[in-house]
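This is what each chain is made of:
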Amino acid sequence: MKKISTIWLGGCSGCHMSLLDIDEKLIELTSEAKIVKSTPIVDIKNFPQADIGIVEGAVATKEDEENLKKIRECCKILVAIGDCACFGGITSYRNLFEKEEVLQRVFIESESVEKGKIPQSKFVPPILEKVKPINAVVTVDCYIPGCPPNAKVIFYALKELLTGRIPVLPSEMVSFE
């Protein structure tokens, strides 16, 4: 039985929600694979060995970068799911500004902030100078673009991966919105 691990980096979690939208077909997948780590499904902090690693979101913080490297080390095939993981997506819009400008605007100048302060805690991971797609940090074996990708596309790709093939997504299944 194959093992699947997923993580969620900088983004909105829409790709994991789309993964969950596979609905009852998730049960079919669990007969072929075991989910050993998944941000919204299984609360496991370490990175167990897996055949397939699925990464949602862009690399926006130092913690994202570290977790991405850990999942890459622990899986045989790494899948970028969604536009943020594949290309930086909407998360990379932050790159239009300098990091200090973003922090100033969000934590000091925002209309909803009173006596703002930029958080500095060991529990808040430092943001990187620029947001990156995951292939800027690690080698990626498979891409599933979309914002978010359709559940049918995710299911198709997972079925292909579980049979040992790198999926080639039919053009009618791929969405670049």
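Scroll up a little and you will see the structure.
Residues numbered from 1 in each chain as written. Predicted model: local features only at pLDDT ≥ 70, side-chain atom pairs only at ≥ 80, totals over all residues. Heavy atoms only, no water.

**So, the pattern of salt bridges**
Oppositely charged side chains can form a pair if their charged atoms are brought close together.
Here is step 1 of the chain: Considering all chains together, one arrives at 9 salt bridges under this definition.
Here is step 2 of the chain: For Glu-28, the salt bridge goes to Lys-159, with nearest N and O atoms at 3.1 Å. Highlighted residues: Glu-28 in helix H2 (residues 25-30) and Lys-159 in helix H6 (residues 151-162), separated in sequence by 131 residues.
Here is step 3 of the chain: For Glu-28, a relative accessible area of 34% gives the class partly exposed.
Here is step 4 of the chain: One salt-bridge network, in which partners are shared between bridges, spans Glu-28, Glu-32 and Lys-159. (Salt bridge = Lys/Arg side-chain N within 4 Å of Asp/Glu carboxyl O. Helix = DSSP H or I, 4+ residues; strand = E, 2+ residues; numbered from the N terminus. Buried < 20%, exposed > 50% of the residue type's maximum accessible area, 1.4 Å probe, protein only.)

**Digging into a nonpolar patch on the surface**
Here is step 1 of the chain: On the surface, a cluster of nonpolar side chains totalling about 500 Å² of accessible area is made up of Ile-90, Tyr-93, Leu-96 and Phe-97.
Here is step 2 of the chain: Within the fold, Leu-96 resides in the loop between helix H4 (83-87) and helix H5 (99-109). (Patch = residues over 30% accessible without salt bridge, like charges linked within 9 Å, V, L, I, M, F, W, Y side chains within 5 Å. Areas by Shrake-Rupley, 256 points an atom, 1.4 Å probe, with all protein chains shown as cover.)

**Details of H6**
Here is step 1 of the chain: Given a rise of 1.5 Å per residue, 12 residues ought to cover 16 Å, and the 16 Å separating the end C-alpha atoms of H6 matches this to within 8%.
Here is step 2 of the chain: Burial within H6 is extensive, with 9 of its 12 residues counted as buried.
Here is step 3 of the chain: What H6 keeps buried is the set Ala-151, Val-153, Ile-154, Phe-155, Ala-157, Leu-158, Glu-160, Leu-161 and Leu-162.
Here is step 4 of the chain: Following H6 by one or two positions, Gly-164 adopts a phi angle in the positive range, close to 90 degrees. (Expected span 1.5 Å × (residues − 1).)

**Notes on the packing of aromatic side chains**
Here is step 1 of the chain: Applying the stated rule across the entire model yields 0 aromatic pairs.
Here is step 2 of the chain: The aromatic ring of Phe-155 is capped on one face by Lys-25, whose charged end is 4.9 Å from the ring centroid. (Phe/Tyr/Trp six-rings, centres within 6.5 Å; stacked < 30°, edge-to-face > 60°. Lys NZ or Arg CZ within 6 Å of the ring centre and 35° of its normal.)

**Re the sheet that holds strand S5 (residues 75-81)**
Here is step 1 of the chain: The sheet built from 5 strands is open, its strands ordered S2-S1-S3-S5-S7 with parallel pairing. Among the strands making up the open sheet, the edge pair consists of strand S2 (33-38) and strand S7 (142-144). Neighbour-to-neighbour, the strand axes of the sheet open up by a mean angle of 25 degrees, direction not taken into account.
Here is step 2 of the chain: Two elements, strand S1 (residues 2-8) and strand S3 (residues 50-56), share 5 bridges in a ladder whose sense is parallel. Counterpart to Ile-7 in the pairing with S3 is Val-55.
Here is step 3 of the chain: Sheet strands in contact with helix H3 (residues 62-74) are S1, S3 and S5, and its direction is about 135 degrees off that of S5.
Here is step 4 of the chain: Against the sheet, H6 makes contact with S1, S2, S3, S5 and S7, and its axis sits at roughly 140 degrees relative to S1, the strand it touches most. (Pairing = 2+ DSSP bridges. Axes fitted to C-alpha atoms, helices over the stretch in contact; angles between N-to-C directions. Contact = heavy atoms within 4.5 Å.)

Remember, this is a structural readout, not a statement about activity or role.
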